[in-house]
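Each chain, letter by letter, is given below.
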Amino acid sequence: MRRHLLFTIPLILFCGIVLSAPAQEISYPEKESSTSFKLIIQGIDRIEGEIRIAVFDSKEKYTKEPIHAVVIPVDSTTVIWEQESLPFGEYAIAVYHDKNKNGKIDTNILGIPKEDYGFSNDARGRFGPASWGDSKFKVDEKIFSTEINIK
């Protein structure tokens, strides 16, 4: 019984001190919510014109409303675009090589593109752009890189 009292009294004192102390806020490091993003475009056959990039963040806006529309002069057979802070999420990217810098993808009489193009995941569409499902990818890492090979 005496041993029990010797243990109980310090425990009661400790609990009284801890419970009466003002609460302290505990902070945790914030979870990363954006990435350093790099897109590598390969397959450029002629060093001329510009690469046009469109980044989409939803199926509803895919091929209609890009969140990023970027134009990069072609000075190499590989073009790299970097975005310092891209929020985590799902994206799809469409690119084309605007060789004559007219701001549109040139097509033949049947509507088939005459300029090289590509989509994320190297997806291809049968009669039009690749689908959102085939093109989308998930960004959830602090540093993220992807490639598109244009044809």
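Details of the structure are given in the entry above.
In short, a report on the structure. (Residues numbered from 1 in each chain as written. Predicted model: local features only at pLDDT ≥ 70, side-chain atom pairs only at ≥ 80, totals over all residues. Heavy atoms only, no water.)

Counting secondary structure elements, the chain contains two helices and eight strands. Each helix (α) and strand (β) of the chain, taken in turn from the N terminus, gives the series α-β-β-β-β-β-β-α-β-β. Taken over 151 residues, the chain has a buried fraction of 32%. A separation of at least 24 residues holds for 69% of the contacts in the chain among residues at least 6 apart in sequence. Looking at the chain as shown, the accessible area adds up to about 10,600 Å², and 55% of this sits on carbon and sulfur atoms. (Helix = DSSP H or I, 4+ residues; strand = E, 2+ residues; numbered from the N terminus. Buried < 20%, exposed > 50% of the residue type's maximum accessible area, 1.4 Å probe, protein only. Contact = heavy atoms within 4.5 Å. Areas by Shrake-Rupley, 256 points an atom, 1.4 Å probe, with all protein chains shown as cover.)

This next bit is on the environment of S120. Tracing the chain through its elements places S120 in the loop between β6 (117-119) and α2 (132-135). Between the C-alpha atom of S120 and that of I93, which follows or precedes it by 27 residues, the distance is 5.1 Å. Apart from residues no more than four positions distant in its own chain, S120 is found in contact with A92, I93, D134, S135, F137 and I148. Looking at S120, its side chain comes within polar contact range of the main-chain oxygen of S135, at 2.5 Å. (Polar contact = N/O pair within 3.5 Å; in protein donor to acceptor, adjacent residues only side chain to side chain.)

Even without being glycine, T63 reaches a positive phi, approximately 70°. Position of T63 relative to the elements: it lies in the loop between β2 (50-56) and β3 (68-73). For T63, a relative accessible area of 43% corresponds to the partly exposed category. Phi at N121 takes a positive value of approximately 65°, unusual for a residue other than glycine.

All chains considered together, the criterion is met by eight aromatic pairs. A centroid spacing of 6.0 Å and a plane angle of 65° characterise the contact between F37 and W81, whose relative ring orientation is edge-to-face. Placement of F37 in strand β1 (residues 34-42) and of W81 in strand β4 (residues 79-87) is noted, with a sequence separation of 44 residues between them. The exposure class of F37 is buried, given its relative accessible area of 2%. Note on F37 and F144: the rings are 6.0 Å apart at their centroids and 10° apart in plane angle, and the pair reads as stacked. Of this pair, F37 sits in strand β1 while F144 sits in strand β8 (residues 143-149), and the two are 107 residues apart along the sequence. Across the pair, exposure class does not vary: F37 and F144 are buried alike. (Phe/Tyr/Trp six-rings, centres within 6.5 Å; stacked < 30°, edge-to-face > 60°.)

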